[in-house]
Amino acid sequence: MKSDKIYVHIGTHKTGSTALQIFLYQNSKILERSGIHYPTLAVGVPYHIQHASLAYQLRSGDRLGFYKFISDSIKEGKVLLLSSEAFLEK
């Protein structure tokens, strides 16, 4: 059974979002053991610790790529957690 929960942290700029993303990234193995999957992206520092590229992908109209990433990232029995200020931008 795959997870049916996805949490998206949409922080505004200058509110500590990067600090939260660094914490989530650095503790991703502990989170995994606790049932929370915080995926990393191979896009480059510091962007690999947060999910701006997913927000940009969605806004550019590449919904198929976005949904594929989500589908591939959902782990059985885990909650998927995403974080980026870019989900808020227009």
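Residues numbered from 1 in each chain as written. Predicted model: local features only at pLDDT ≥ 70, side-chain atom pairs only at ≥ 80, totals over all residues. Heavy atoms only, no water.

**Structural notes on helix 4 (residues 63–73)**
Consideration 1: Among the residues of helix 4, those classed as buried are F66, F69, I70 and S73. One side of helix 4 holds all its buried residues, which, seen down the axis, span an arc of 95°. Exposed and facing more than 90 degrees away from the buried side of helix 4 are L64 and K68.
Consideration 2: On its buried face, helix 4 is in contact with strand 1 (6–9), strand 2 (36–37), helix 3 (52–59) and strand 3 (79–83). (Buried < 20%, exposed > 50% of the residue type's maximum accessible area, 1.4 Å probe, protein only. Helix = DSSP H or I, 4+ residues; strand = E, 2+ residues; numbered from the N terminus. Arc of directions from axis to C-beta. Contact = heavy atoms within 4.5 Å.)

**Side note on the packing of aromatic side chains**
Consideration 1: Evaluation of the coordinates by the stated rule reveals one aromatic pair.
Consideration 2: A centroid spacing of 5.5 Å and a plane angle of 70° characterise the contact between F66 and Y67, whose relative ring orientation is edge-to-face. (Phe/Tyr/Trp six-rings, centres within 6.5 Å; stacked < 30°, edge-to-face > 60°.)

Shape descriptors only; they carry no functional weight alone.
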